[in-house]
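Examining the three-dimensional arrangement
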Amino acid sequence: MRAAKMAALGFRRASLAVAGIVASASLFTAGEAAGQMSAEVRTGLTVGNHTATLAGLDWLPKLSFEARVTRQMRPGIAVTAGFVRTSFGCEEGFCRGTPRTVTGNHGSVGVEGSWRWFWVRAGALGGSVQLSPGGGAPGKFGLGLQAGGGVRFDIGRVHLAPGFTYRRFGAATREDPGSVVAIGFDLGVGFRIN
């Protein structure tokens, strides 16, 4: 119970930090695209590795998703904030005989650059990881990084953005100061808010 409360408190702090960064970033907007906002939902398959399971990169994909808001700061440069749920299967190491799912829930902030059809992004993650079944309460609050890239096709106010994502984040529990590496291939659907 205490671990769940600590994870919730950490997520609230991360959410307040995200709101502060997005609000302060609006002070530095310039250019025709400045101030444009968009919302995007991404979903796709992810594979990964959780060091606490002593398994290598398990090729047992699971569905992951991300919801985020983007604010254009200058043409081609935007700040982003949102929520990421990373999930992948584990069947090697300590998972052998009892296949498990590794699930991370994280708040995210970052920067995105775009040029013509291409986009790249990098940012920070904050949240916790849970191993199920039998993994108990979510792990301790941990920080991480994410990076990704792909192509974007604009169709009026809507865009489609297939791409890949690399995430690395802390997955510490009371027993193990573990970490997670996840690689995902996903599709984003977004729309311009203003």
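Residues numbered from 1 in each chain as written. Predicted model: local features only at pLDDT ≥ 70, side-chain atom pairs only at ≥ 80, totals over all residues. Heavy atoms only, no water.

1. Topic: the pairing of strand β5 (residues 118-132)
Here 15 bridges tie strand β4 (residues 100-115) to β5, and the two strands are oriented antiparallel to one another. What sits directly across from His-106, in β5, is Gly-127. Relative to strand β6 (residues 142-151), β5 runs antiparallel, the two being bridged by ten bridges. Bridging from a neighbouring strand, Ala-124 pairs with Leu-145 of β6. (Pairing = 2+ DSSP bridges. Helix = DSSP H or I, 4+ residues; strand = E, 2+ residues; numbered from the N terminus.)

2. Brief notes about the environment of Ser-132
Following the sequence through the fold, Ser-132 ends up in strand β5. When neighbours within four sequence positions are excluded, Ser-132 is seen to be in contact with Arg-100 and Thr-101. (Contact = heavy atoms within 4.5 Å.)

3. A short note on the packing of aromatic side chains
Throughout the structure, instances matching the rule amount to two aromatic pairs. Aromatic pair Phe-65 and Phe-83: ring centres 6.1 Å apart, planes at 45°, arrangement tilted. Linking Phe-65 in strand β2 (residues 58-74) with Phe-83 in strand β3 (residues 77-90), this pair joins segments that are 18 residues apart in sequence. Residue classification places Phe-65 among the partly exposed positions, given a relative accessible area of 37%. The class of Phe-83 is partly exposed, set by a relative accessible area of 26%. (Phe/Tyr/Trp six-rings, centres within 6.5 Å; stacked < 30°, edge-to-face > 60°. Buried < 20%, exposed > 50% of the residue type's maximum accessible area, 1.4 Å probe, protein only.)

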